Amino acid sequence: MKTTKFLILFSLLIFLFSFFIGCSSPTSSDDEITDPCEAGHTPGAAATCTTAQTCTVCGEVIVAALGHTPGAAATCTTAQTCTVCGEVIVAALGHDWADTVNNRLCLTCGELNFTPARTIDLADDTGDIDFTETGTVLIKGVSNGQRRIHINDVTDVYIENGTVITGPDAVSSIQISVSSASTIYGGGSDITITGGSGTSEGIYGAVDILTIAGKMGSISGGIGGIRSNTDLIITGSTGNISGGNFGLYATNSVTISGSIGNDTASSLTGGFMGQIYINSSSYNDFPLSTPKPWVWHD
Ligand SMILES: [Zn+2]
Ligand SMILES: [Zn+2]
Ligand SMILES: [Zn+2]
């Protein structure tokens with residue numbers, strides 16, 4: 001009996017001892033959590049505009065991407081690029097042509113994409129300018145006195161932005177006498193055409209359909225802003241148009257698909273004959289902003 005008890009006790013001790021040995025045996029190194037960058041990260045390639053500098057060991061971001069440094073603003077023909085890496089930030093804007101059919105005069109940068117048959121530089125000339133031209137005419141510069149431009153037989157007239165024409169009292173600043181329809185293309189809102197204080201218009205189309213396109217500044221005259229002896233068409237945008245008797249005048253019809261003025265009450269003004277005078281028996285409503293144009297007709 002004693003022997004049996006001893007064996008049981010001995011076995012229990014062996015079991016407990018072996019259990020203790022198992023629990024206290026050294027753990028293997030694989031189970032330990034260690035930081036490979038404990039002594040510091042290992043920096044990779046330097047940060048650029050678009051990529052961060054990271055640790056080559058653990059991948060952590062050390063320096064964030066720097067971002068681009070924008071160069072000069074984009075223009076019609078050149079992109080805005082990063083001065084550091086050269087990457088394009090804003091693509092070239094492209095030209096904004098006054099004449100979308102022939103792409104001849106840019107409203108943004110003033111680029112001319114044609115060779116005019118005749119160029120009138122108001123700074124070079126004195127007195128009235130009277131000529132016949134077939135093809136295209138370019139008008140530019142600032143008139144240094146009262147000046148009348150009388151053009152015969154032209155098809156297209158282009159006016160550079162910044163042109164200032166001041167006409168004499170008795171006749172129009174620009175008078176076009178043509179045997180076929182002609183168009184005046186304005187190159188920007190800094191164009192000013194002013195007739196004199198007497199019986200003058202800013203622009204006068206004497207013979208055939210007159211179209212105003214592109215972009216213009218203010219147009220005014222002692223009698224009226226723009227007159228056509230047949231039809232007057234405005235497809236572009238203009239500044240204020242005003243005249244003592246009328247803003248717009250046409251013997252036959254006035255068609256406006258562009259815009260006049262800067263949405264102010266004084267954008268289109270005329271005297272006793274109305275803002276728009278049409279010497280015919282019918283007329284259509286006009287898509288103009290407030291106030292409604294005062295249309296006067298026979
Ligand atoms: Zn690291
Ligand atoms: Zn860059
Ligand atoms: Zn341009």
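Computed from a prediction, not measured in an experiment: that's the story for all the values here.

K.L.:
Hey, could you run me through the overall build of the chain in this one?
P.N.:
For the chain, the count of helices and strands is one helix and 26 strands. Within the chain, buried positions represent 33% of all 298 residues.

K.L.:
Could you clarify how one ought to interpret the sheet that holds strand S10 (residues 164–166) in this entry?
P.N.:
Strand pairing in a sheet takes place through backbone hydrogen bonds and is either antiparallel or parallel in direction. The sheet built from five strands is open, its strands ordered S10-S13-S16-S20-S24 with parallel pairing. Each edge of the open sheet carries a strand with a single partner, namely S10 and strand S24 (268–269). Across three bridges, the pairing between S10 and strand S13 (residues 192–194) is parallel. Looking at the pairing, Thr-166 lines up with Thr-194 of S13.

K.L.:
Looking at this structure, I do not really get the nonpolar core. What am I missing?
P.N.:
Side chains that are nonpolar tend, in soluble globular proteins, to be buried together. If you look at the biggest cluster of nonpolar residues, it comprises 46 residues, and the most contacted ones within it are Val-157, Tyr-185, Leu-232 and Leu-248. Broken down by element, this core gets its largest block of residues, four residues, from strand S21 (residues 246–250).

K.L.:
How should the environment of Ala-73 be read in this particular structure?
P.N.:
Within the secondary structure, Ala-73 is located in the loop between strand S2 (61–63) and strand S3 (80–81). Each C-alpha atom, one on Ala-73 and one on Ala-92, is 9.4 Å from the other, the two residues being 19 residues apart in sequence.

K.L.:
It is not clear to me how the environment of Asp-169 should be interpreted in this structure. Could you clarify?
P.N.:
Its place among the elements puts Asp-169 in the loop between S10 and strand S11 (174–177). What Asp-169 contacts, discounting residues up to four positions off in sequence, is Gly-196, Ser-197, Gly-198, Ser-200 and Gly-222.

K.L.:
Would you mind showing me how to read the confidence of the model for the chain here?
P.N.:
In low-pLDDT segments, the atomic positions of the prediction should not be examined closely. With 80% of its residues at a pLDDT of 70 or more, the chain has an overall mean of 83. Note on residues 12–29: pLDDT under 50 across the span, and zero contacts to partners over four residues away in sequence or across chains.

K.L.:
What's the story with unusual backbone geometry in this structure? I'm lost.
P.N.:
Note on backbone geometry: most residues besides glycine have negative phi, and most peptide bonds are trans. Positive phi values are uncommon outside glycine, yet Asn-103 reaches one of about 50°. Tracing the backbone through its elements, the reader meets Asn-103 in the loop between strand S4 (88–90) and strand S5 (118–121). Although it is not a glycine, Asp-153 adopts a positive phi angle of roughly 60°. As for its position among the elements, Asp-153 is in the loop between strand S8 (149–152) and strand S9 (156–159).

K.L.:
Could you clarify how one ought to interpret the pairing of strand S22 (residues 253–256) in this entry?
P.N.:
In the case of a regular strand, side chains alternate between the two sheet surfaces. Residues Val-254 and Ile-256 of S22 are buried on one face, while the alternating residues Ser-253 and Thr-255, pointing to the opposite face, are not. As judged from the four bridges shared by strand S18 (residues 231–234) and S22, these two strands associate in the parallel manner. When the sheet's bridge partners are listed, Ile-234 is paired in S22 with Ile-256.

K.L.:
When you look at the environment of Gly-44 in this model, what are you seeing that I'm missing?
P.N.:
Inspection of the secondary structure assignment puts Gly-44 in the loop between helix H1 (2–23) and strand S1 (53–54). Given 16 C-beta atoms within a 10 Å radius, Gly-44 is considered partly exposed. Considering only alpha carbons, one finds Gly-44 and Val-61, 17 residues apart in sequence, at a separation of 9.6 Å.

Reading guide: rules and limits
- Residues numbered from 1 in each chain as written.
- Chains lettered and ligands numbered in written order.
- Predicted model: local features only at pLDDT ≥ 70, side-chain atom pairs only at ≥ 80, totals over all residues.
- Helix = DSSP H or I, 4+ residues; strand = E, 2+ residues; numbered from the N terminus.
- Buried ≥ 20, exposed ≤ 12 C-beta atoms within 10 Å, placed from the backbone.
- Pairing = 2+ DSSP bridges.
- Core = buried A, V, L, I, M, F, W, Y, C linked by C-beta atoms within 7 Å.
- Contact = placed C-beta atoms within 7 Å.
- pLDDT = per-residue confidence, 0-100.

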